[in-house]
Amino acid sequence: MAARGRRALGALAGLTVIAGLLTAPAAPVATAAPAAAEPAARPVAQKPYLGWSSWSLESTNYPGVNPTGPASWLTEQHVLQQADVLAAKFKQHGYTYVNIDAGWANSFDRYARPVVNPTTFPDGMKYVADYVHKKGLKLGSYLAVGLDLKAYDDGNSPIAGTTNCHTRDLVYPDLRKTNGWDSAYKIDFANPCAQSYVDSVAQLLAGWGVDFLKLDGVGPGSFKGGENYTNTADVEAWHRAIAKTGRPMEFVVSWALSHRQADAWKTNTNGWRVDTDVECYCDTLVTWDNSVKQRWNDVVQWIPDAGPGHWNNLDSLDVGSGKMDGLTPAERQSYLTLWAIEAAPLYIGDDLTQLDDYGVKLLTNDEVIALNQAGVPAKPVSQTTDQQVWYNRNADGSYTVALFNLAATPARVSADFAQLGITGPVEIRDLWAHDTVSAASADLPVHGSRLFKVTPRDRNALRAPAVVHGTAATGTSVSLAWDASKGAQSYDVFAGTKKVATTGTPSVTVTGLEPSTNYDFTVVADQRYGRPSAASKKISVTTPAADGPKSYEAENGSPQGGATVYDCACSNGKKVGYLGGSGYVVLPAVTTAKAGTYLMQLSYVDGDSSRTGIVTVNGTSFPLPVAGSNDNDWNTPQTVTVPVYLRAGANTIQVGNQAGYVYDVDKITV
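K.L.:
Would you take a moment to explain the state of the cysteines for this structure?
P.N.:
Here a disulfide denotes a covalent bond joining the sulfur atom of one cysteine to the sulfur atom of another. Inspection of the entire model under this criterion finds three disulfides. Each sulfur of the disulfide joining Cys568 and Cys570 lies 1.8 Å from the other. Residues Cys568 and Cys570 share a disulfide whose torsion about the S-S bond is about -140°; that sign makes it left-handed. Accessibility classification places Cys568 together with Cys570 in one group, the buried group. Taking only the cysteines that form disulfides and numbering them from first to last, the chain has the pattern 1-2, 3-4, 5-6.

This is the structure we're talking about:
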């Protein structure tokens, strides 16, 4: 729903792309000079940024916020009001960015550069930047990727700083469109004029004093894929252009970027939106279902990519005002907890003049902010349940442990320290309650959470390998992986009490096993000097028969309730799609010789950000979210491996989800 709302405002976003002066300054046409060396700018984004952004207020239908139509909230006066509050109440906690999103430019100058709306920003963006800077804050701006349709001007606009470049030189002859709204012409960067155009706009931004740029509608992503929507060349050009200005400027791309281009985003940007807009485009700012909750699934594949200089961006934080946010108090805390533990930028989307006491308390919790600024994103132990534990190990030897109840009913959630590799005496600090507690366990309300810092008494002891899990199995082998133990030189793997492998990496394939046999595996970390770690938590894996593993094609099963067989670049060339709601597929019967826990590999197709299937094995169901490609590719399969308990003989496995859309299913392999 949020995505459809975002697209409905696409024309507005495409036109009003960056902040401008009342009248953009004229630039003399000159002979194009050879490309200059990029000046060294101070490094940015060494930690996730904190601040405020305008889009949540611009996009809401909350009574009175946008009185004259979409995005009418956005005015110079309102932005300066937010800056005043941010400086007075939040700067001391690290919030420094005032980011103006789409909706403030209404025309383009003779050089195809955007010009601010003189009605809403009468003093121009240089004035706004100076105002913000005097308060010790930074100013952020916005641009939609591509050449805006209205900037093209029949191809006749010259490009500032060149003698022979015009907008007609920037585009392809067929005027192909690009970005998430098709609101711009795709730029052809094979022509040097294209880089000159981006350079000219970047220089304009730098001249105004802009400290941050969001490039929106970028693909692959933004619900689009394919050649016309691949904007990696634009992103590279902007990276170069910003560097040439010599001005430190944080640069992020949006929205729902494809993870298949993660290397390009990491090389050229300081962050990327992993998901669609968090806003609901309704009578509040957000709702839990639309679309806060999906971040728990969508961020997972991106967790290893976050670090100094480039962060996973989860979108605005709308937790400050109970009457406007559209969330329960428990949901507001869980929302901020996930953003904090993921080392995501913390930028408030609320009206800072309308915050309630609880919202201020959440947003100014310095212990939680410090955890976020440490820059070590947490990951889930398992997502095959709505009662989830997320954790990481911090640089000081402590652990972050978060508990979430994502279910629609209250539930108890507990962290298993043995599974996390935590042994011995510990101190457990509840970061929301500012109190020491005896256990990382809690009875949580609907969509509730707790956040702990767990500090072992001996922080320097070698920790046991954490979250040991199976990744593949044959009749004679099992592959295992785990989270590395800091300081470990090697790992010993045991089947029962017998050492079966030694490895120098946090993964191994144990060979020489018997088919159709149950094995209990543990892993011990070793160091060059000192004692080995305690053993990891035991996991059980049953090897398949000697001729296993076996594959079971979805199209050979029983599609039901509207589920349909489609062609794809999958095994056997077929998949079952249109799953979700009434649609589900019963896979061909899976037969095993021995009861036990088997590793099931699901081959699926998901061109979205992440979808969740409900997998039912012999009547027992669990959720299985997967990593989507975010590039609208519904042809190419991916895989995920999950343990399932199977009985001896025939087993029934079904995939569906009455509550939402599901990925397409190619096959399962057991």
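On we go.
K.L.:
Even after reading the chapter, I still don't get the packing of aromatic side chains, so can you show me in this structure?
P.N.:
Two measures describe an aromatic ring pair: the distance that separates the ring centres and the angle between the ring planes. Per the stated rule, a full pass over the model turns up 18 aromatic pairs. Pairing Trp390 with Phe404 gives two aromatic rings, centres 6.3 Å apart and planes at 85°, and the pair type is edge-to-face. Highlighted residues: Trp390 in strand 15 (residues 387–393) and Phe404 in strand 16 (residues 399–405), separated in sequence by 14 residues. Each member of the aromatic cluster is reached from another via a ring pair, and the members are Tyr49, Tyr97, Phe212 and Tyr347. Here the guanidinium or amino end of Arg176 rests over the ring plane of Tyr172, the centre of that ring lying 4.0 Å away.

K.L.:
Please clarify how the packing of helix 4 (residues 76–90) against helix 5 (residues 124–134) should be interpreted in this entry.
P.N.:
The angle between the axes and the distance between the axes are what describe a pair of packed helices. The contact between helix 4 and helix 5 brings their axes to 10 Å, and the two run at 10°. In terms of axis orientation, helix 4 runs roughly parallel to helix 5. As for how helix 4 packs across helix 5, the hand of that crossing is right-handed. Across the interface between the two elements, Glu76, Val79, Leu80, Ala83 and Asp84 from helix 4 touch Gly124, Tyr127, Val128, Tyr131 and Val132 from helix 5. Among the residues forming the contact of helix 4 with helix 5, the class breakdown is seven nonpolar, one polar and two charged.

K.L.:
What is the right way to read the pairing of strand 25 (residues 498–503) from this model?
P.N.:
In the case of a regular strand, side chains alternate between the two sheet surfaces. For strand 24 (residues 490–495) and strand 25, the ladder comprises five bridges, and the chain directions are antiparallel. Note that in strand 25 the partner of Phe494 across the bridge is Lys499. Connecting the antiparallel pair strand 24 and strand 25 is a turn made up of two residues, with Gly496 showing a positive phi of about 65°.

K.L.:
Quick question: what am I supposed to make of the sheet that holds strand 19 (residues 435–437) here?
P.N.:
Think of a sheet as strands paired side by side through backbone hydrogen bonds, with each pair either parallel or antiparallel. The strand order across the open sheet formed by six strands is 14-15-16-21-18-19, and the pairing between neighbours is antiparallel. In this open sheet, the two strands that pair with only one neighbour each are strand 14 (379–380) and strand 19. The pairing of strand 14 with strand 15 spans two bridges and is antiparallel. Note on strand 15: the bridge partner recorded for Pro380 is Trp390. The sheet strands contacting helix 12 (residues 329–341) are strand 15, strand 16 and strand 21 (449–456), and the helix crosses strand 16 at an angle near 145°.

K.L.:
Is there a simple way to think about the environment of Ser551 in this case?
P.N.:
Along the chain, the position of Ser551 falls in strand 29 (residues 551–553). Taking relative accessible area as the criterion, Ser551 reaches 42% and is therefore assigned partly exposed. The spatial distance from the C-alpha of Ser551 to the C-alpha of Leu147 is 48 Å, given a sequence separation of 404 residues. What Ser551 contacts, discounting residues up to four positions off in sequence, is Lys667, Ile668 and Thr669. In this structure the side chain of Ser551 is engaged in a polar contact, spanning 2.9 Å, whose partner is the side chain of Thr669.

K.L.:
Just checking my understanding: could you explain the sheet that holds strand 22 (residues 466–473) for this structure?
P.N.:
Overall, antiparallel pairing links the three strands, which are arranged 22-23-26 in an open sheet. The open sheet has two edge strands with one neighbour each: strand 22 and strand 26 (507–510). The sheet shows a mean angle of 25° between the axes of neighbouring strands, direction not considered. As judged from the five bridges shared by strand 22 and strand 23 (residues 478–483), these two strands associate in the antiparallel manner. Across the sheet, His469 pairs through a bridge with Ala481, a residue of strand 23.

K.L.:
Got a minute to help me understand the nonpolar core in this structure?
P.N.:
Buried together is how nonpolar side chains tend to be arranged in soluble globular proteins. If you look at the biggest cluster of nonpolar residues, it comprises 106 residues, and the most contacted ones within it are Trp238 and Trp390. Counting residues per element, this core draws most heavily on helix 7 (residues 192–208), at ten residues. Tyr552, Val642, Val655 and Val662 belong to the second-largest nonpolar core, a separate cluster that totals 27 residues.

K.L.:
When you look at the packing of helix 7 against helix 8 (residues 232–245) in this model, what are you seeing that I'm missing?
P.N.:
Packing of helix 7 against helix 8 brings their axes to within 8 Å, and their N-to-C directions diverge by 45°. On the basis of the axis angle, helix 7 is oblique to helix 8. As for the relative orientation of helix 7 and helix 8, their crossing is right-handed in sense. Along the contact surface, helix 7 presents Gln195, Val198, Asp199, Val201, Ala202, Gln203, Leu205 and Ala206, while helix 8 presents Ala237, Trp238, Arg240, Ala241, Ile242, Lys244 and Thr245. Taken together, the residues of the contact of helix 7 with helix 8 break down into nine nonpolar, three polar and three charged.

K.L.:
Help me understand helix 7 in this model?
P.N.:
Spacing of three or four residues puts side chains on the same side of an α-helix, whose turn is 3.6 residues. If you check helix 7, its first and last C-alpha atoms are 25 Å apart, about what 17 residues at 1.5 Å a residue would give, namely 24 Å. Across the 17 residues that make up helix 7, a large majority, 13, are buried. Between the side-chain oxygen at the start of helix 7 and the backbone nitrogen of Cys193 there is a gap of 2.9 Å, and the oxygen is on Asn191. Where helix 7 ends, the next residue or the one after it, Gly209, has phi of about 95°, a positive value.

Criteria and thresholds
In every chain, residue numbers begin from 1 and rise along the written sequence. In keeping with the predicted nature of the model, local features appear solely for residues at pLDDT of at least 70, side-chain atom pairs appear and are counted solely at 80 or more, and the whole-chain, interface and lining totals rest on all residues. As a convention, hydrogens and water are excluded, and side-chain values are obtained from all of the structure's heavy atoms. A pair of cysteine sulfur atoms is labelled a disulfide when the two atoms are within 2.5 Å. With a 1.4 Å probe rolled over the protein chains alone, any residue whose accessible area is under 20% of its type maximum counts as buried; one over 50% counts as exposed, and the rest are partly exposed. We call Phe, Tyr and Trp rings a pair once their centres come within 6.5 Å, taking the six-membered ring for Trp, and we label the pair stacked below 30 degrees between planes, edge-to-face above 60, and tilted otherwise. Helix and strand definitions follow DSSP, with helices as H or I runs of at least four residues and strands as E runs of at least two, each counted in order from the N terminus. In this scheme, Lys NZ or Arg CZ marks a charge over a ring once it lies within 6 Å of the ring centre and within 35 degrees of the ring normal. Axes, fitted as lines to C-alpha atoms, cover a helix only where it is in contact. Angles between the N-to-C directions of the axes lie from 0 to 180 degrees. When describing relative orientation, an angle under 35 degrees is termed roughly parallel and one over 145 degrees roughly antiparallel, while 65 to 115 degrees is termed roughly perpendicular and anything else oblique. Crossings are classed by handedness, with left-handed meaning an anticlockwise turn of the near helix from the far one by less than a right angle and right-handed meaning a clockwise turn. Two residues form a contact once any of their heavy atoms are found within 4.5 Å. In this classification, the charged set is Asp, Glu, Lys and Arg, the nonpolar set is Ala, Val, Leu, Ile, Met, Phe, Trp, Tyr, Cys and Pro, and all remaining amino acids, among them Gly, are polar. Whether two strands pair comes down to DSSP finding at least two bridges between them. Identification of polar contacts relies on pairs of N or O atoms within 3.5 Å, with a donor-acceptor requirement for protein atoms, meaning one able to donate a hydrogen and the other able to accept it, and with residues adjacent in sequence counted only if both atoms are side-chain atoms. Joining through side-chain atoms within 4.5 Å is the link that ties buried Ala, Val, Leu, Ile, Met, Phe, Trp, Tyr and Cys residues into a set, and such a set is a nonpolar core. The span one expects for a helix is its residue count, reduced by one, times 1.5 Å.

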